[in-house]
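Listed here are the chains, written in short residue letters.
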Amino acid sequence: MSVNGVVLRSVNVGESDKMLTILTPDMGKMSVYANGARNLKSKNFASSRLYTYSEFTFKETHGKTYIGESSPLESFFGIGNTLEGSALASYISEVACDAAVEDQPEEELMQLVLNCLYCISNEKKPLWQIKAVFELRCASILGFMPDLVGCRNCGKSGFDSVWFDIDNGCYYCEDCFKKIRIEHESETERIDELSGIYGKYSVVVPMSSSVFEAIRFVIYSKPERILSFQLKDEAISDFCSTSEKYLLSHLERSFSSLDFYHSVI
Ligand SMILES: [Zn+2]
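Residues numbered from 1 in each chain as written. Predicted model: local features only at pLDDT ≥ 70, side-chain atom pairs only at ≥ 80, totals over all residues.

**Q** Any chance you could explain the overall build of the chain here in plain terms?
**A** In terms of regular secondary structure, the chain is built from 7 helices and 10 strands. Projecting the C-alpha coordinates of the chain onto the three principal axes gives extents of approximately 65 × 35 × 30 Å. Scored against the burial criterion, the 265 residues of the chain give a buried share of 34%. In the chain, the share of contacts with a sequence separation of at least 24, taken over all contacts with a separation of at least 6, comes to 59%. (Helix = DSSP H or I, 4+ residues; strand = E, 2+ residues; numbered from the N terminus. Buried ≥ 20, exposed ≤ 12 C-beta atoms within 10 Å, placed from the backbone. Contact = placed C-beta atoms within 7 Å.)

**Q** Even after reading the chapter, I still don't get the pairing of strand E1 (residues 2–13), so can you show me in this structure?
**A** One face of the sheet, then the other: side chains in a regular strand alternate in exactly this way. With 5 bridges joining them, E1 and strand E4 (residues 53–61) adopt antiparallel strand pairing. Its bridge partner lying in E4, Asn4 is registered against Glu55. The pairing of E1 with strand E2 (residues 17–24) spans 7 bridges and is antiparallel. Opposite Val7, over in E2, you have Ile22 as the bridge partner. (Pairing = 2+ DSSP bridges.)

**Q** I'm lost on the domain arrangement of the chain in this one. Help?
**A** It is common to give the size of an interface as the accessible area lost on bringing the parts into contact. Assigned domains of the chain: these are domain 1 (2–74) and domain 2 (80–142 + 238–264). For domain 1 and domain 2, the distance between their C-alpha centres works out to 22 Å. Contact residues are listed per partner, giving 14 residues for domain 1 and 17 residues for domain 2. Of all the elements in the fold, those that place two or more residues in the side of domain 1 that touches domain 2 are E1, E2 and strand E3 (28–34). A class-by-class count of the residues in the side of domain 1 that touches domain 2 yields 8 nonpolar, 3 polar and 3 charged. (Domains from an automatic or database assignment. Nonpolar A, V, L, I, M, F, W, Y, C, P; charged D, E, K, R; others polar.)

**Q** Can you walk me through the packing of helix H1 (residues 83–99) against helix H3 (residues 127–144) in this structure?
**A** Between two packed helices, both the angle of their axes relative to each other and the distance between the axes serve to describe the pair. It is at 11 Å that the axes of H1 and H3 come closest, and there the two elements cross at 5°. Of the possible angle classes, the one that applies to H1 and H3 is roughly parallel. Residue-level contacts link Glu84, Gly85, Leu88, Ile92, Val95 and Ala99 of H1 to Leu127, Ile130, Lys131, Phe134, Cys138 and Leu142 of H3. Of the residues that constitute the contact of H1 with H3, the class distribution is 9 nonpolar, 1 polar and 2 charged. (Axes fitted to C-alpha atoms, helices over the stretch in contact; angles between N-to-C directions. Parallel < 35°, antiparallel > 145°, perpendicular 65-115°, else oblique.)

**Q** Help me out: how do you make sense of the nonpolar core in this one?
**A** Ranked by internal contacts, the top residues of the largest apolar core, which has 63 residues, are Val6, Leu23, Ile92, Val113 and Cys116. For this core, the element with the highest residue contribution is helix H2 (residues 107–121), accounting for 8 residues. Shared between two domains, this core holds at least three residues of each, these being domain 1 (2–74) and domain 2 (80–142 + 238–264). Setting aside its immediate chain neighbours within four residues, Ile92 contacts Val113, Cys116 and Phe134. (Core = buried A, V, L, I, M, F, W, Y, C linked by C-beta atoms within 7 Å.)

**Q** I keep staring at the pairing of strand E6 (residues 161–165) and nothing clicks. Help me out?
**A** Within E6, 4 of the 5 residues are buried, leaving the element largely enclosed by the surrounding structure. Inspection of the sheet shows E6 paired to strand E10 (residues 203–208) by 5 bridges, in the antiparallel sense. Looking at E10, one finds that Asp165 is bridged to Val204. Where E6 meets strand E7 (residues 170–173), 4 bridges bridge the pair, whose relative direction is antiparallel. Opposite Trp163, over in E7, you have Tyr172 as the bridge partner. In this structure, the hairpin formed by E6 and E7 is closed by a connection of 4 residues, where Gly169 is found at a positive phi of approximately 60°.

In structure tokens, the structure reads:
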């Protein structure tokens, strides 16, 4: 039986072997060994390269899974063309590795990863856009889809600006947020209008309608449309910081590859 999967992590083992973490649609995250794969003449050399999407067959020996046959389907060579693109691919892989589960279907996550790697490799979209879309959709796939239909308190929609509650994945209109803010004033630890209000239990960030509409588009679009939007230059920074905060807050961790991405951008 053959399995399609994308290589998210590659660790050298011994003289010429590799241990790979592969993301597959039906079996989720898999740890497999690729014997001799660092040898140029190996039949598994091309398909066991980082970020390559391949068709694999596996064999089990002494409780370990080894790659038998393999053939690369998509190599995404363009990722290596820029340091920034490599850094983003590395972040996406680290998050997907952390988020994916073993022995559980991860088709949606795999398609998202492949879509993002394709766009990085082909320079189809700006990196900030690929990164933010990945973060928002990844959070949704993991069960943290925000509710952006109407204000959490009054249910109305169509505002010029809103307050987005990152931890609770919802938003409030100005009027409702003012009331809530007064009720929770004593719990507010720090107020910083630029980066949001850090309450005792949640982070709430102010948001313009263009940023809000972009996030809504990404959350509610079909997978093949998620990158088909444009954003005004002045809205990009808020859109990116909110998307990043949203994913990190729900995963409750940070990523060294993200620090590296920020250091090269
Ligand atoms: Zn309201």
